[in-house]
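Spelled out from the first residue to the last, the chains are:
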Amino acid sequence: MAHGGGARQVKLDRESELRIEVGNDAPLKLRLLNGTAEIFGTELPPDFWLTFPPRLKFAVFTWNGATIEMDGSTETDYTADETPNISYVNVHAVLEERRHRAKPLPPDDPNSQGPRVIVVGPTDSGKSTLSKMLLSWAAKKGWKPTFVDLDIGQGAITIPGCIAATPIEMPIDPVEGIPLDIPLVYFYGHTTPSNNVDLYKVLVKELAQVVERQISGNAESRASGMVINTMGWIEGQGYELLLHAIDTFNANVVLVLGQEKLWSMIRNVLKNKPGVDVVKLQKSGGVVSRNAKFRQKSRSHRIREYFYGLANDLSPHSNIANFSDFSVFRIGGGPQAPRSALPIGAEPAADPLRLAPVNINRDLLHTILAVSFAKEPDQIISSNVAGFVFVTDVDIQRKTITYLAPSAGELPSKYLIAGTVTWLET
Ligand code: ATP
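Residue numbers run consecutively from 1 along every chain, following the written order of its sequence. Per-residue local features are limited, in this predicted model, to residues with pLDDT of at least 70; the limit for side-chain atom pairs, both in listing and counting, is 80 or more; totals at the level of whole chains, interfaces and linings are taken over all residues. Neither water nor hydrogens contribute to the side-chain values; these are computed over all heavy atoms in the structure.

Asker: Got a minute to help me understand the site of the ligand in this structure?
Answerer: Only heavy atoms are used to decide nearness, and a residue is near a molecule or strand if one of them lies within 4 Å of it. Lining the immediate environment of the ligand, one finds 22 residues, of which Lys57, Asp124, Ser128, Thr129 and Arg290 sit closest. The definition of a polar contact used here is a pair of N or O atoms within 3.5 Å, where within protein one atom must be able to donate a hydrogen and the other to accept one, and adjacent residues in sequence count solely through side-chain atom pairs. Here Val288 contributes a backbone N or O atom positioned 3.0 Å from an oxygen atom of the ligand. Notes on the ligand: free accessible area 630 Å², of which the protein chains cover 93%. Secondary structure counts use DSSP, requiring at least four H or I residues in a row for a helix and at least two E residues in a row for a strand, with both numbered from the N terminus. Listed by contribution, the elements that provide at least two residues to the shell around the ligand are strand 2 (16-22), strand 7 (57-62) and helix 2 (127-140). Only Asp, Glu, Lys and Arg are considered charged in this grouping, and only Ala, Val, Leu, Ile, Met, Phe, Trp, Tyr, Cys and Pro are considered nonpolar; every other residue, Gly among them, is considered polar. Split by residue class, the shell around the ligand holds 6 nonpolar, 8 polar and 8 charged. Domain start and end points were adopted from an automatic or database domain assignment. Counting the residues that make up the shell around the ligand, at least three belong to each of domain 1 (8-82) and domain 2 (84-281). Using a 1.4 Å probe, the Shrake-Rupley method yields the accessible areas, and only the shown protein chains count as cover for residues.

Quick look at the structure:
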């Protein structure tokens, strides 16, 4: 049911939830009046008004009953008493037990590694939501699990087109999401993996190696384990990429959401791998399907948020630089070998990992460029990125480029990576 606004109260029985889609134009205020309730694993503070931005879709769930007060308009809001949350919290309990078992063991004991959970399933099955719940429940108990986001389409940690990892030290803020300040980010540059599957795999491998290194030196992180969120692409090459991610991160718990077939396929493939559990879980009836247009919109909002903050609370800087201040590269696409070097009749295949310098021209207008941490061009593919800039003008005559960056001052490196991620500032 949609609501036009005004303050109203909703009483929730135990183990039920209030599902909300905030209206398109105005934020929604909400507070917990009594009882206890959580949003995707994070407890609501009592009596404190929270403001949710337009279009956000979420649920307020209570284990023991609660009264919620809302102020503002919604696209829909309704209560549901059927949720899969008991099965989700049971998974959490099993993970907790494994963390406790891992913690006292010395680092050279393979069992000192806590659970490495990977969440897989079709699009709109609630993967990101389940990942958040598991992370927030773990953080609430004092663990520091690592969140790995392999979903380049939406990006729960940073902007779309990237894969990233970050330690979660506190339950995830239901409004702000994951703090953007310390993640380890690799720029893939596209929002669909099929653009360059090889590059995607290479980046997943790089990310896994660095996370592995960071975790191995820290008993607490190691015992806390990981939660890995994946893409909804589960057919053909997408399926291969899932298996690749499971393997690369040495996942030992695979949670399959909402699809029997995928569960049985993965279980069959992994049955000879001892120590890997493949668990089937129900999709929540509350998960909202998002069409291509909505996804495009939320990608755009995510980029806006990177530069301007969720509540317009950041002030990005417009900078002007000379063409010669930067070297821009693109990964993949170019021919692998000259035609003359190939057997007669053979077509040169595009080398997916070829690093090609990009001429700065107006084609770069409105694109997002990643700022690489690489010291030399040949390190670009294996380097993570410091952040992003947005190209707002290219002056061919003056040979200058104007870009928006999160802050003023020199960029941490002169190596920039271009992809196909664009943005129209709105
Ligand atoms: P993707 O296809 O991008 O991989 P996903 O499987 O990760 O999607 P989510 O992002 O978790 O799916 O969920 C889709 C949307 O549904 C999100 O906006 C999320 O906040 C919302 N959602 C999930 N669970 C609920 C619920 N119980 N009640 C209301 N909204 C929900």
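Moving on from the coordinates now.
Asker: Whenever I open this one, the sheet that holds strand 15 (residues 253-257) confuses me. Can you help?
Answerer: Within a sheet, each strand pairs with its neighbour through backbone hydrogen bonds, oriented either parallel or antiparallel. The criterion for strand pairing is that DSSP finds at least two bridges linking the strands in question. Read across the sheet, 7 strands follow the order 13-12-11-14-10-15-16 without closing on themselves; strand pairing throughout is mixed. Pairing within the sheet leaves two strands with one partner each, and these edge strands are strand 13 (184-187) and strand 16 (277-281). For this sheet the average axis-to-axis angle between neighbouring strands, irrespective of direction, equals 15 degrees. Bridge count between strand 10 (residues 116-120) and strand 15: 4 bridges; the pairing is parallel. For Val117, the partnering residue across the bridge sits in strand 15 and is Val253. In this description, a line fitted to the C-alpha atoms serves as the axis of each element, helices being fitted only across the stretch in contact, and the angle between N-to-C directions of two axes falls anywhere from 0 to 180 degrees.

Asker: Looking at this model, I keep getting lost on the side chain of Arg19. Mind explaining?
Answerer: Assignment of secondary structure puts Arg19 in strand 2. Separated by 3.3 Å, the side chain of Arg19 and the backbone oxygen of Glu82 make a polar contact. Note on contacts: a residue pair is in contact if any heavy atoms of the two residues lie within 4.5 Å. Contacts of Arg19, omitting those with residues within four sequence positions, involve Phe58, Ala59, Thr76, Asp77, Tyr78, Ala80, Glu82, Thr83, Ser284, Gly285 and Gly286.

Asker: Whenever I open this one, the UniProt feature "binding site: ATP" (unreviewed entry) in the protein confuses me. Can you help?
Answerer: UniProt positions are given in the numbering used here, feature names are shortened, and annotations may be inferred rather than shown by experiment. Here the UniProt feature "binding site: ATP" (unreviewed entry) sits at Glu17, Lys57, Asp124, Ser125, Gly126, Lys127, Ser128 and Thr129. Among the structural elements, Lys57 can be located in strand 7. Each residue is placed in one exposure class: buried if its accessible area under a 1.4 Å probe, protein chains only, is under 20% of its type's maximum, exposed if it is over 50%, and partly exposed if it falls in between. The class of Lys57 is partly exposed, set by a relative accessible area of 23%. Not counting residues within four places of it along the chain, the set of residues in contact with Lys57 comprises Ile20, Glu21, Phe40, Val288, Arg290 and Phe294. A distance of 3.4 Å separates polar atoms of two side chains, one belonging to Lys57 and the other to Glu21.

Asker: Hey, could you run me through the domain arrangement of the protein in this one?
Answerer: By a frequent convention, interface size equals the accessible area lost on bringing the separate parts together. Once the domains are mapped, the protein shows domain 1 (8-82), domain 2 (84-281) and domain 3 (315-335 + 349-422). Summarising the inter-unit geometry, the C-alpha centres of domain 2 and domain 3 are found 29 Å apart. Across the boundary between the two partners, domain 2 contributes 18 residues, which contact 17 residues of domain 3. Summed over both partners, the accessible area (1.4 Å probe) lost when two parts come together is defined as the buried area. Of all residues in domain 2, Val185, Phe187 and Leu199 bury the most surface against domain 3, accounting for 37% of the area lost on that side.

Asker: Teacher, can you tell me more about helix 3 (residues 197-216) here?
Answerer: Residues spaced three or four apart along an α-helix face the same direction, because each turn holds 3.6 residues. In this model, helix 3 (20 residues) spans 28 Å end to end at C-alpha, consistent with the 28 Å of a helix rising 1.5 Å per residue. Those residues of helix 3 not exposed but buried are Val197, Leu199, Tyr200, Leu203, Val204, Glu206, Leu207, Ala208, Val210, Val211 and Ile215. Expected helix span is taken as 1.5 Å per residue step, with the number of steps being one fewer than the number of residues.

Asker: Can you walk me through the nonpolar core in this structure?
Answerer: A general feature of soluble globular proteins is that nonpolar side chains tend to end up buried together. Only buried residues count toward a nonpolar core. Its members are Ala, Val, Leu, Ile, Met, Phe, Trp, Tyr and Cys residues joined through side-chain atoms within 4.5 Å. Leu150, Leu207, Val254 and Phe388 are the most contacted members of the largest nonpolar core, which totals 106 residues. Element by element, the count of residues in this core is highest for helix 3, at 10 residues. Counting 19 residues, the second-largest nonpolar core is a separate cluster that includes Val358, Leu369, Tyr403 and Leu411.

Asker: Got a minute to help me understand the sheet that holds strand 3 (residues 28-35) in this structure?
Answerer: Pairing in this open sheet of 4 strands is antiparallel, and the strands run 1-8-3-6 from one edge to the other. The open sheet has two free edges, formed respectively by strand 1 (7-12) and strand 6 (50-52), since each of these has just one partner strand. Sheet twist, expressed as the mean angle between neighbouring strand axes with direction ignored, is 30 degrees. Bridging between strand 3 and strand 8 (residues 66-71) involves 6 bridges; their strand directions are antiparallel. Within strand 8, the position partnered with Gly35 by the bridge is Ala66.

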